[in-house]
Structures are given as structure tokens and as C-alpha cells.
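Residue-level listing of the chains:
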Amino acid sequence: MSEAPWTIGRLLNWTADFLRERGADSPRLDAEVLLAHARGCPRIALYTAFEEPASEELRTQFRELVKQRAAGKPVAYLVGHREFFSLSFDVTPDVLIPRPETEGLVVRALDLLKETPSPAPRVADVGTGSGAIAVALAKQNPKVQVTAIDVSPAALAVARGNAEKHGVTDRIEFVEGDLLAGVDAGAAFDLIAANLPYVTSNELGELAEGVRKYEPRLALDGGEQGDELIQRLLPQATQRLTPGGWLLMELSPMIAGRVEQLIDNAAGLIRHETLKDTNGLARLAQAQREA
Ligand SMILES: C[S@@+](CC[C@H](N)C(=O)[O-])C[C@H]1O[C@@H](n2cnc3c(N)ncnc32)[C@H](O)[C@@H]1O
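Residues numbered from 1 in each chain as written. Predicted model: local features only at pLDDT ≥ 70, side-chain atom pairs only at ≥ 80, totals over all residues.

A. Molecular detail of the overall build of the chain. Regarding its fold elements, the chain presents 11 helices and nine strands. Every one of the 291 residues in the chain was classed for burial, and the buried ones make up 38%. Restricting the contact set of the chain to residue pairs at least 6 apart, pairs at least 24 apart contribute 68%. (Helix = DSSP H or I, 4+ residues; strand = E, 2+ residues; numbered from the N terminus. Buried ≥ 20, exposed ≤ 12 C-beta atoms within 10 Å, placed from the backbone. Contact = placed C-beta atoms within 7 Å.)

B. Just unusual backbone geometry, in detail. The backbone of Phe85 sits at a positive phi, close to 50°, despite the residue not being glycine. Residue position: Phe85 is located in the loop between β1 (81–84) and β2 (87–90). Positive phi, close to 45°, is recorded for Leu179, a residue that is not glycine. Judged by the 21 C-beta atoms lying within 10 Å of it, Leu179 falls in the buried class.

C. Here's a closer look at the nonpolar core. Core analysis: the biggest nonpolar cluster contains 78 residues, and Leu137 and Ile192 have the highest contact counts within it. Counting residues per element, this core draws most heavily on helix α6 (residues 132–140), which supplies seven residues. Counting contributing residues per domain, this core is built from domain 1 (8–71) and domain 2 (81–289), each supplying no fewer than three. Residues contacting Leu137, with those up to four places away along its chain left out, are Val106, Ala109, Leu110, Val123, Val144 and Val146. (Core = buried A, V, L, I, M, F, W, Y, C linked by C-beta atoms within 7 Å. Domains from an automatic or database assignment.)

D. Region of the structure containing the domain arrangement of the chain. Taken as a whole, the chain is organised into domain 1 (8–71) and domain 2 (81–289). Relative to domain 2, the C-alpha centre of domain 1 lies at a distance of 34 Å.

E. Looking closely at the packing of helix α1 (residues 8–21) against helix α2 (residues 27–39). At their nearest, the axes of α1 and α2 sit 8 Å apart, and the two run at 130° to each other. On the basis of their axis angle, the class for α1 and α2 is oblique. Both α1 and α2 take part in a crossing whose hand is right-handed. For the pair α1 and α2, contact is made by Leu11, Leu12, Thr15, Ala16, Leu19 and Arg20 and by Pro27, Arg28, Asp30, Ala31, Glu32 and Leu35, respectively. A per-class count over the contact of α1 with α2 returns seven nonpolar, one polar and four charged. (Axes fitted to C-alpha atoms, helices over the stretch in contact; angles between N-to-C directions. Parallel < 35°, antiparallel > 145°, perpendicular 65-115°, else oblique. Left-handed = near helix turned anticlockwise from the far one by under 90°. Nonpolar A, V, L, I, M, F, W, Y, C, P; charged D, E, K, R; others polar.)

F. Looking closely at the packing of helix α5 (residues 103–115) against α6. Their axes nearest at 10 Å, the elements α5 and α6 cross at an angle of 40°. Looking at the two axes, α5 sits oblique to α6. Along this stretch, α5 crosses α6, giving a crossing that reads as right-handed. Where α5 approaches α6, its residues Leu105, Val106, Ala109 and Leu110 are matched on the opposing element by Ile133, Ala136, Leu137 and Gln140. Residues belonging to the contact of α5 with α6 are distributed by class as follows: seven nonpolar, one polar and no charged.

G. Spotlight on the site of the ligand. Taken together, 24 residues are adjacent to the ligand, and Gly127, Gly129, Val151, Asn195 and Ala219 come closest. Of all the secondary structure elements, the ones that give two or more residues to the shell around the ligand are α6 and β4 (145–150). (Near = placed C-beta within 6 Å.)

H. Representation of the sheet that holds strand β3 (residues 122–126) within the structure. Strand order across the open sheet formed by seven strands is β5-β4-β3-β6-β7-β9-β8, with mixed pairing between neighbours. Since the sheet does not close on itself, it has two edges, and those belong to β5 (172–176) and β8 (269–276), each with one partner. For this sheet the average axis-to-axis angle between neighbouring strands, irrespective of direction, equals 15°. Where β3 meets strand β6 (residues 189–194), four bridges bridge the pair, whose relative direction is parallel. (Pairing = 2+ DSSP bridges.)

Structural data, given as C-alpha cells:
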């Protein structure tokens, strides 16, 4: 008896089982995203094509993607993009894949910017990576002017591309440099957002394989205690904030207590409540410059 033909539906079922056995967290979704990518169609279009035969060419292309996924490479790097704040961001292995937790920072920043008296609020996104925060803010608030900073020129190139993709290059300035050191001496910000690396040295080795092997170390490594960059940013941010301006910093519950202490000890900053993410974990430190 001849084997059943490879249809889109059969390919998906087989691949989801295969990825599940190899420990993928979302095997069915991964299979669908990868097949849609190989087929050059939106994922939703697969649902009306289950009975369609899958060509040899499509199967070859898909097999290569599945092989890499099974080896641990994140889907976002395989397809070259990831959704963040309902916008599609291009990603390469030079940038961290934007995480849903970071959307909380954007929501909080947008709320605070609504209350800012300035008609064209100035925002800095320190450690912009793919430009996720900078672009989402510029897209959602047509008045803001953003300075997007990263120490990695390769990351900045990706961020620039994303700003172009979403039509906000006229309101985002890109600066290569260490924290705020490369920003114009006179620049003052109404809000500074920072999702800097905050993984501690101990945690680095325990990260999921897909993160540890594929995402840039420069985007993860927060030094021995995880707060090295945050610690250095605090005095710089205090200097660059307008009176009453806000500093929002993403963190992990692991370092939340230390960061709160650092803010309490920083001259000129008032600490506000650390906000939790949707999983109930401490995720967003908040400080305000004294008025
Ligand atoms: C955790 S990633 C965040 C990327 C992006 N903002 C996001 O939320 O998806 C941290 C970023 O900080 C950058 N970075 C690391 N050290 C830095 C430094 N000293 N100054 C500026 N950027 C830095 C890394 O290159 C990386 O792009």
C-alpha cells in the first residue's frame, strides 16, 4: 500500500508531534509559523489548505527550518520577525527577541507621557535592541521624539530598519554608545526607558537553551549581580531627566530588591512602586526625578 500523500495538514501534524517530542514549548504553533513562512503565506491561510498537497520544494525548505528549530533555534530568528505591541519587528541574532513582558513598560510609558506637560515629550530608550520600545512609543504617541541608544552597531541597524518599516524615522534619533554617554550633552528627557541586560552571572548558565545559545550575550549579561548596567545608568539618568521626569527600568524579580535599594540611595530620585507583569512577577522599576 502506498504511503498517504504529504498534505499541508499531514505535514503540520507530523511536525508538531516531532517538535513536541524534542521538548518545544509550543510545537503546533511553531510548526504553523514555520510552514507559513516556507510557503510565503499568512498562518491563517494554512487552515483552508489542510487538504492541499505539499510540493517537494516546499517540504525541502520546511524540513530545513524544522531541523534548526529542533536544534533549539528560536522561531523568531528562523522567520526573521516577531510581533511586539501588535507591530511586526524584524529580528536578527544581533538583537534580543522582544518579549511580551516588555509591553508592560510601553503601556506604562504611554500613560506617563499623556500627563507630561511638554507638547513634544522627549524619550530615551537605552539599550534599544530591535527598537521595540522606541518604535512602539513613537507609533502610539505621534508627539514623542525618541533617542534610541545601543552599544551594538548591529542592533542599531536592525532598530533603524524597524523604524523605517513603521514610518517613524523622522521622530527617532539613533545613537551608538555606552548608556547615555553618547547622547548630546544638552539633551534632557521627560522619560527614560531602559530594558538593559539583567541576568545574573549564576542565572546565565541556567537559561533555556534557545536563549543561551542563540540570543546575544550582550543583551542578557547584567554582570555578577545582574544590576551592573542599571547601577551605572542611575546617576546618568538623574542628570538627564527633566525635573519630575520618569525613569522606567525592566528587571527580573531576582534583582528587584537590589534595584529598589539603589534607587532609594540615589540622590535626586524618588522611587515609585515596582510594577508586576501579567504573571505577577516584579518587572518594572519606577523612579522620578525630584521636581
Ligand atoms: C535586554 S536587550 C533589550 C532590547 C530591547 N530594548 C527590548 O526590550 O527588546 C538589552 C540591549 O541593551 C544593549 N546594551 C548592552 N549594554 C549596553 C550599554 N552599556 N549601553 C547601551 N546599550 C547596551 C544590548 O546591546 C541590547 O540590545
